[in-house]
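Breakdown of the fold
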Amino acid sequence: MIRNTGNHTQTALRTSLPETELASRANFAPHARVVREERPAQITGLPLSIRGLRKSFGDNEVLRGIDLHIPAGQFVAIVGKSGCGKSTLLRLIAGLEKIDAGSISFGQDFQPRDIQPEDIRVMFQEPRLLPWARVLANVEVGLGRDRASKYAHARAEKALTEVGLADKRDQWPSVLSGGQKQRVALGRALVSRPRVLAFDEPLGALDALTRISMQRLLERVWRDQGFTAILVTHDVAEAVALADRVLVIEEGRIAHDLVVNAGRPRQRGSAELAGLEGSILSHLLSADDRT
Ligand SMILES: Nc1ncnc2c1ncn2[C@@H]1O[C@H](COP(=O)(O)OP(=O)(O)OP(=O)(O)O)[C@@H](O)[C@H]1O
Ligand SMILES: [Mg+2]
């Protein structure tokens, strides 16, 4: 499926981008066996290709030509200074905002996909739970059209179990902690078994310990379910701890595209991750100095 601006139609389109990046990296990595074991067991995610993507708000030209291919099941982090267009890019990918120019397409080149709304989910910094609905019903909301199905309860219960909150199913959101609310939001995002899951600073409001435990949860559900993950974060340590690849956005374009080759589970604080974090931070700071 392709979203484009020209005639506002959504048309299937063939792309000719390789899907081999993940496989080839695992084969050549020094600890290939370990890396493979920690990758998603089964990749259910959709690949996505972005070509010449542009978006302005009035005179403010926010995205000035984004070109990007994300292989199925890859975990990508997006960083960049405040206001550089990270959330805008995510909203365009999720179809929440209209593209000015360029295209975003999902699916294999030999099998373009017509995506359903349930295929792409976004999780935001604020959990956005319905205060008048209990936890289980809040998760069921994520089923969209399938909410009326006889399996809705069972699917929501399974998603709640995946995020470790099965015992909170009958609680009201108001009695949950910030971290628990975010886990309900994650359960709601997972319940439809999305093929692309976009996160807009989902852990930004959490304390350091809860944040690390949520990072582990995100990595575990990604590994278990194999969706394509796109994480916008201000936290460069979080980006290198979770992602296969970190993109730095500057002046409306992807200025740096860095591969994180460290095996999983990642060793937080390791020299390898710290080195990568340092180099990404220096890119961000030098961009800041130029403005
Ligand atoms: N709906 C909108 N109307 C007008 N301007 C907008 C709109 N959404 C975003 N912008 C502008 O687009 C630019 C990019 O915003 P965006 O929210 O994508 O930045 P961001 O990189 O996510 O920033 P932050 O890290 O602070 O969340 C900003 O200048 C913002 O003011
Ligand atoms: Mg933002």
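Refer to the structure presented above.
Reading the values: rules and limits
- Residues numbered from 1 in each chain as written.
- Chains lettered and ligands numbered in written order.
- Predicted model: local features only at pLDDT ≥ 70, side-chain atom pairs only at ≥ 80, totals over all residues.
- Helix = DSSP H or I, 4+ residues; strand = E, 2+ residues; numbered from the N terminus.
- Buried ≥ 20, exposed ≤ 12 C-beta atoms within 10 Å, placed from the backbone.
- Contact = placed C-beta atoms within 7 Å.
- Expected span 1.5 Å × (residues − 1).
- Near = placed C-beta within 6 Å.
- Pairing = 2+ DSSP bridges.
- Axes fitted to C-alpha atoms, helices over the stretch in contact; angles between N-to-C directions.

We now examine the overall build of the protein chain. When helices and strands are counted, the protein chain shows nine helices and eleven strands. The proportion of buried residues among the 291 residues of the protein chain is 39%. Put simply, 73% of the contacts in the protein chain that link residues at least 6 apart link residues at least 24 apart.

For the rest of this paragraph, the subject is the environment of H69. Mapped onto the elements, H69 comes out in strand β4 (residues 60-70). C-beta crowding within 10 Å serves as the criterion here: with 16 such atoms nearby, H69 is assigned to the partly exposed category. On a C-alpha basis, the gap between H69 and I50 in space is 6.2 Å, while along the polypeptide they are 19 residues apart.

Taking 1.5 Å per residue, 18 residues should reach 26 Å; helix α7 (residues 208-225) reaches 26 Å between its end C-alpha atoms and fits that length. On its buried face, α7 is in contact with β5 (75-79), α5 (152-162), α6 (178-190), β9 (228-232) and α8 (236-242). In the stretch just after α7, G226 is the one whose phi turns positive, near 75°.

For L130, the location among the structural elements is in the loop between β7 (120-123) and α4 (135-140). Judged by C-beta crowding, with 11 C-beta atoms within 10 Å, L130 ranks as exposed. The spacing of L130 and W172 is 42 residues in sequence and 9.1 Å in space, taken between C-alpha atoms. Those residues in contact with L130 that sit more than four places away from it in its chain are N138 and V141.

We now examine the environment of L89. Among the structural elements, L89 can be located in helix α3 (residues 86-93). It is 8.9 Å that separates the C-alpha atoms of L89 and L53, two residues lying 36 residues apart in sequence. For L89, the residues in contact, after removing those within four places along its chain, are L63, I66 and I78.

Around ligand 1 sit F57, N60, V62, G80, S82, G83, C84, G85, K86, S87 and T88, and those are all the residues in its vicinity. Secondary-structure elements contributing two or more residues to the shell around ligand 1 are β4 and α3. A per-element tally of the shell around ligand 1 places α3 first, with three residues.

On the basis of which strands lie adjacent, the open sheet formed by six strands has the order β7-β8-β9-β5-β10-β11 and mixed pairing. Each edge of the open sheet is held by one strand with a lone partner, namely β7 and β11 (253-259). Pairs of neighbouring strands in the sheet enclose a mean axial angle of 20°, with direction left out of account. Taken together, the six bridges between strand β10 (residues 245-250) and β11 define a ladder with antiparallel strand orientation. Note that in β11 the partner of I249 across the bridge is I254. Together, β5, β7, β8 (196-200), β9 and β10 form the strand contacts of α3, whose direction differs from that of β9 by roughly 150°. On the sheet, helix α9 (residues 271-290) packs against β5, β10 and β11 and is oriented at approximately 10° with respect to β10.

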